[in-house]
Every structure is written in C-alpha cells, then in structure tokens.
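# Chains, contacts and geometry: an overview
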Amino acid sequence: MALLEVDDLKTYFKTREGEVHAVDGVSFSLERGKTLGIVGESGCGKSVTALSIMGLVPGPGRVVSGSVVFDGRSMLDRKQRELEDIRGRDIGMIFQDPMTSLNPTLTIGTQITETLRRHLKLNRDAARKRATELLEEVHIPNAAGRLDDYPHRYSGGMRQRVMIAIALACNPKLLIADEPTTALDVTVQAGVLDLLRELRAEHDMAMVIITHDMGVVAETADDIVVMYAGQIVEHATTLDLFDTPEHPYTEALLAALPQLEGENVREGRLVSIPGRPPDLLAPPLACRFAPRCQYAGHDDCAGVLPALREIRPGHWVRSAHPASERAAHAVGAR
Amino acid sequence: MVADRRAEFEASLIRTAETRGQEAGAALQRASLLRDAVHRFSRNRAAATAAFAFLVLIGFVFITPMVVSASPYDINFENAYLSPSWAHPFGTDEFGRDLFVRTALGGRVSVEIGFAATIAIMFVGIVYGAISGFAGGWLDNALMRFLDALYGLPYLPFAIITLAIFGTPSFWPMVVALTVASWFTTARVMRGQIITLKENDYVRAAHALGARWYRVLFRHLLPNTLGVIIVFVFLELPGVVLGEAFLSFLGLGISPPKASWGTLAQDGYSSYQSHPYIIIVPSLAIAWLILSAFFIADGLRDALDPRTRSY
C-alpha cells in the first residue's frame, strides 16, 4: 500500500466567469521513502494539487471529485479538526518564499516550538531543546544562540532552512515542498536541495517536490510527473524521463534548458516553447497541448483528448505522438 | 628579548582570532524592532518635538491641580473677569474662578475622556474588523454592509441621541457616545489589514502546520497589526477630544461646576468680545493636543513602517 494515493483528483475554482479547472483528473501514487517531482509551468496546477492533498484549497476552490488516500485513509472526507492534527505532524509543507513564510513578530524559537508543542504536547523546555537540535540539523550555526532572534536577522537561505526545520519538527511521513528553492540564489539552492535530500534519507520520509526547474527534480526525485494545463502529460522514473522523454511538451521543456556544453549548445538566444497554455476556464475537450505541439496538425490527433497510457512499463504519457512512436512514421509526419 | 615580544605578539594574534571566531558565530547584538522604531522616531524632529509638547500638556493637566493652591470651584465675584496676571496666569472667569487651574482640570477631563474613548474605539473596531476580515465570505459582507449603513448616519445626531439615552451627560456617557459615533473607520482599517495579512505565506504556513483558527488570528495576525493600531490611537485621539469639545460647546458636555475644554470654551464664548482670553486659552489647548497627536501619529507611522516613508 503506497503512502499517498491520488486518484482522478479534480479541483475547480468557481469564479464569476465560470469554473476554472485548475486540477483536472490527476492520479499518482507515492511509496514510503520515495521522492516524487511535479514539474510544469506556472498555473498548470502543481501547487493546487499539493494544497488539495493537504485539504487547504483556498477561497472559491473545491475538490470536485477524485480521492486522496494518505496512509490508508482518505484525506477528503476527514473533519477539519482531524486535518489540522495531520498537518504539521504527518505531512509537513515548505513554501516558496522563505522571506514571507516566517512571522516577523515572533522569534525563530517560538515558531519552531509552536509546532512541537501543538502536535507533540512537549513542555516549554523540552520543545526548546528539540528546536535547538532541529536548527542544528538544518545546519544553522550557533543554533542555541540564534533561537531568540527574529526572522529579519536571518538570510533567505537560513529562513528556508528554518522552514524545513519546522516542517520536519514532528517527523512527518510526507514532506511537500512547493517550489522550495525558487526564491533563492543558485548557490543557496544547491545547499537547500542537498539538505532536503539528506534529511529525507535520515528521516525516511516520502517527499513531493514541486518545481518548474528541471534541474531541481533531476537531482532529488525518483519519479517525475509532468503537468500541463491541469493534467498529467507524462509520468516516469527520473532517469527514463530525462533519457527518453516521450511527450512533446517534456521534450520542449528539456530543450529549453540552457546548455553549457555538448552538441546542443546554441549561440545567443535561449530556446522557448511558442504559444501559451490554454485557458483553464473552458479547457478544450481536445488535446490541450495541440496548439503548441509541432507534431499536431498533420492528422486528426488535435481533435481528441489523448488518454494517459503506459507506453512501456512505468512510463506513462498523454500524447498521440510520443517520441518512440513518432520515429516509425516521422518522415511522413514532418 | 626580541623572541619574547614576538611570542607575545603571536599569542595576542591568536587570542584576537579566537575571540573574533566566537563573535562571528554568536548572535549579533540584538536590535529589536522596538528599539529601531524608537531610534527612527527620535530622529524625526517634528515628531520628537510633538511628543515633547504632548507630554508637557499631559503633565500640565495632571500636575497643575495638585500643586496650585487656587481652588477651581470657589466663587468670588470680586475677582470676576480678571485679566491674566502673575496671580492668575490665564485670568479668571465671570465667577472669579482661576482659569489656570480650571484649564488644567478641564484638560484632565478632556484627556481622560479622550483616552477612554480611544481605547474603547480601538477595542470595538479591532474586534469587529478582525472578525469581519478573518471570517470573510457572507459574514464579512453582512458586517461591512451594516457598517456602511452606520457610516451613512451623521456624526452629531448619532452622538447626541446616545447621550440623550443616558440622560445626564457625565464622564462615561460621554465616552460611550463618542465611541458609538466614531469606531467605524478603525473597524474598516482593521479589516483591510487582516485581509492583507491573511494572504501572507506565514499564515498559510501556520495553516499547513495544523494551527487552529484562533491561534492564527491571535498569534499571527493581530500582533502584526500592532504598528497600525498604535498609529491609529494617535489619529483617533484628537478626533475624540475635538468631538468631546464640540458636544460640550453645544451644552451637551460635562455639567458645571466641573469643566472640560469644551465647556470652558463655551463659557468664554458669551464674553469673547470683552474678555477674549477666556475662549482663546482652552481653544489653544485643544489645538495643542490635536496638532501634537497628529505629528506623533505621523512620526510613528514612519518609525514603525519605514518602507512607506516617502523621502
């Protein structure tokens, strides 16, 4: 039994103009101790997927259908109080912007002990001691001395480390990291990623890492889910995905990575994917990537929504023209 | 000899390096948010001067009645309408009462009413605004539309009716009337603050860590509005003092022989052509308080939120 099973999750936002299909039929599962990367461009439903798992979908948003089973029990039909008990204890979460994720009016120590006292019912002294250990664990120098500092005395990278410490405080089974390094400098990013990887192994947690940076998932994830316009378009192991990307979108994403060396180095401009993602207010019933797909338009593939199919063991793709099938009649298509 | 000094020098280098090393790891000297704010406030000359003027006025109204021997209530018609002199710095009124003491005593009433009503306004406004902003949805809508309706009512009749319900105008009815008539803006501002803060990542993080709603509200949201609240205290205070003076001037204020600045001004109004100082002194006192409070509020806003400063 996997730790987290998401099946056909649909989260819609009711607005005046209509329903926004932010997450439209997402399914995946995550084993204990594994790391899943969710990649995709802004607005493709990555974060909303994470929030749906936590039961924290904001505002007019609502999980319309599907199921989220965490640790053998559904998350969707639990009471609010039960969810509050799970959040922070069994599932930890890290947010994108460390500069605003800490309350400026409370000391770092208070913010760490808050979680410990809330979930583990530790007393003040025990919580403080554990908080010091946690800060040491995320490599904050002079941890005991910095417990009483306010967040403005911490740098961005240190704050993200503190956020990680808070998320890990209760030894969660699952850690959801929503763009944990996006707001950080590249060098700091590497440090935070190393730390996440190290702690994931130490605590034997499962991890969902959400990002739009292919480099981040390449380093950390076991499996990768590529999302586009609210749907999963490709799901494979990290190695498989980077070696043999099947979906045209994944191929384009990888091609858009700046190359420092090798045959693909281009002088000057970076490669980009032409066009924009479709409006999720009224998502087309047809293939959602077709307008931007260089393989569409030569047959009637653009008119039908392709199903997510297992093109080979462990490699799922939602496209009428995955790379490995394309080769066979590529000459005719192009 | 030379070797000794050399060894000594090297030892001192090592000592320095060691202490430096410890210092580097140690927490830097704590500069709290509060200390920063105090520093910025005191560097703002207008605000610092205003704060000094404010304290002088407060000192005047609270200390004078204790140290000056002249009675504020004894009627002595021989002394009626004396111009300002050393014996009576602000002169005397039509009953021969010393206006120096009466201005101080009246000021005490005005300032006390002002502070009491401001605290009440803050309390009501913060609770109402915080509930509205935090709850959101239909409750927010209902509470805000009700507030809009109250906004439509004119200030003066509203306060007068509240006073009339109590019958005799004295200290507490005055406080209630002023509160009822002027808590709206605070509530609106609070709601706006809470709504803005609600979107912050640390609030989302608190939810994601399993914090219950009251914890989010009282621990994460309200403390972050403190700066705005402090500024608002000094913005509300002059309005309330002015409102009190206004109502007193209309004869709805503290009943004689007690006085507030408003009733003193009203006393002076009847004879302002022959004895203008009687109305000028309480009016200046009111202006003094209002101006200093506004400058303090301005300075506080800059001190507590340096980002909004325009220069």
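Bear in mind that the values here come from a model prediction, so they are computed numbers and not experimental data.

Moving on, we come to the packing of helix α7 (residues 171-182) of chain B against helix α11 (residues 226-249) of chain B. Residues and elements named next belong to chain B. Viewed as axis vectors pointing N to C, α7 and α11 meet at an angle of 120 degrees, and their least axial separation amounts to 10 Å. The angle between α7 and α11 places the two elements in the oblique class. In this structure, the crossing between α7 and α11 has a hand that is right-handed. For the pair α7 and α11, contact is made by Met174, Leu178 and Ser182 and by Gly239, Val240, Gly243 and Glu244, respectively. Looking at side-chain class alone, the contact of α7 with α11 contains three nonpolar, three polar and one charged residues.

Turning next to the interface of chain B and chain A. Each partner contributes to the interface: chain B provides 19 residues, whereas chain A provides 26 residues. Element by element, the count of residues in the side of chain B that touches chain A is highest for helix α9 (residues 201-208) of chain B, at six residues. Taken together, the residues of the side of chain B that touches chain A break down into ten nonpolar, six polar and three charged.

Turning our eyes to something else, we now look at the sheet that holds strand β6 (residues 91-94) of chain A. All names here are of chain A. Ordered in space as β6-β7-β8-β3-β9-β10-β12-β11, the eight strands form an open sheet in which the pairing is mixed. The two strands at the open ends of the sheet, each matched to only one other strand, are β6 and β11 (309-312). Pairwise comparison of adjacent strand axes, ignoring direction, gives a mean angle of 20 degrees for this sheet. Relative to strand β7 (residues 174-178), β6 runs parallel, the two sharing four bridges. Bridging from a neighbouring strand, Ile94 pairs with Ala177 of β7. Contacting β6 and β7, helix α6 (residues 156-168) crosses the sheet at an angle of about 170 degrees to β6.

So, on to the pairing of strand β8 (residues 206-211) of chain A. Residue and element names in this part refer to chain A. Burial analysis of β8 places six of its six residues in the buried class, which makes it a mostly covered element. Sheet topology note: the strand β3 (residues 35-39)/β8 ladder contains five bridges and is parallel. Looking across to β8, one finds that Ile38 is bridged to Ile210. Note that β7 and β8 share five bridges and pair parallel. From the neighbouring strand, Ile176 faces β8, where its bridge partner is Val208. Once you follow β7 into helix α7 (residues 186-203) and on to β8, the crossover reads as right-handed.

Turning to the confidence of the model for chain A, a few remarks are in order. Mean pLDDT over chain A stands at 86; residues scoring 70 or higher make up 95%. The low-confidence segment residues 330-334 of chain A, where pLDDT is below 50, has three contacts with residues more than four positions distant or belonging to other chains.

Before going further, it helps to examine the packing of helix α4 (residues 99-135) of chain B against α11(B). For any two helices packed against each other, one specifies the inter-axial angle together with the distance between the axes. Residues and elements named next belong to chain B. Two elements in contact, α4 and α11, have axes separated by 8 Å at closest approach and are oriented at 130 degrees. It follows that α4 is oblique to α11 by the angle criterion. With respect to the hand of their crossing, α4 and α11 are arranged in right-handed fashion. For the pair α4 and α11, contact is made by Ser110, Ile113, Gly114, Ala117, Thr118, Ile121, Met122 and Ile126 and by Ile229, Val233, Glu236, Leu237, Val240, Val241, Glu244 and Ala245, respectively. Residue classes in the contact of α4 with α11 are distributed as eleven nonpolar, three polar and two charged.

All names here are of chain A. The four strands are arranged β2-β1-β4-β5 in an open sheet whose pairing can be described as antiparallel. Strands with a single pairing partner mark the edges of an open sheet, and in this sheet they are β2 (18-30) and β5 (73-74). As paired strands, strand β1 (residues 4-15) and β2 are joined by ten bridges and run antiparallel to one another. Following the sheet pairing, Val6 is matched in β2 by Phe28.

A separate point is helix α5 (residues 137-152) of chain B. The end-to-end C-alpha separation of α5(B) is 23 Å, in line with the 22 Å expected for 16 residues at 1.5 Å each. Among the 16 residues that make up α5(B), zero are buried, leaving the element largely open to the surroundings.

Turning next to the nonpolar core. One finds Ala165(A), Ile176(A), Val208(A), Val226(A) and Ile296(B) to be the most contacted residues of the largest nonpolar core, which totals 155 residues. Ranked by the residues each element gives to this core, the list is headed by α4(B), at 14 residues. Those residues in contact with Ile296(B), other than ones at most four positions away along the chain, are Ala47(B), Ala50(B), Ala51(B), Phe54(B) and Phe234(B).

All names here are of chain B. Per-residue pLDDT for chain B averages 82, and the proportion of residues at 70 or more is 91%. By mean pLDDT, the top-scoring element of chain B is helix α8 (residues 184-198) (91), and the lowest-scoring one is helix α1 (residues 2-25) (67). In the model, residues 25-29 has pLDDT below 50 throughout and makes nine contacts with residues more than four positions away in sequence or in other chains. The complex model carries a pTM of 0.73, and its ipTM stands at 0.75.

With that settled, the discussion passes to the environment of Phe218(B). Summarising the element assignment, Phe218(B) is placed in helix α10 (residues 213-221). Separated by 25 residues in the primary sequence, Phe218(B) and Gly243(B) have C-alpha atoms spaced 32 Å apart.

Turning to unusual backbone geometry, a few remarks are in order. Residues and elements named next belong to chain A. One non-glycine residue, Asp71, lies in positive phi territory at about 55 degrees. Mapped onto the elements, Asp71 comes out in the loop between β4 (61-70) and β5. Residue classification places Asp71 among the partly exposed residues on the basis of 16 C-beta atoms within 10 Å.

The rules behind the values
- Residues numbered from 1 in each chain as written.
- Chains lettered and ligands numbered in written order.
- Predicted model: local features only at pLDDT ≥ 70, side-chain atom pairs only at ≥ 80, totals over all residues.
- Axes fitted to C-alpha atoms, helices over the stretch in contact; angles between N-to-C directions.
- Helix = DSSP H or I, 4+ residues; strand = E, 2+ residues; numbered from the N terminus.
- Parallel < 35°, antiparallel > 145°, perpendicular 65-115°, else oblique.
- Left-handed = near helix turned anticlockwise from the far one by under 90°.
- Contact = placed C-beta atoms within 7 Å.
- Nonpolar A, V, L, I, M, F, W, Y, C, P; charged D, E, K, R; others polar.
- Pairing = 2+ DSSP bridges.
- Buried ≥ 20, exposed ≤ 12 C-beta atoms within 10 Å, placed from the backbone.
- Right-handed = clockwise from strand over helix to strand, strands pointing away.
- pLDDT = per-residue confidence, 0-100.
- Expected span 1.5 Å × (residues − 1).
- Core = buried A, V, L, I, M, F, W, Y, C linked by C-beta atoms within 7 Å.

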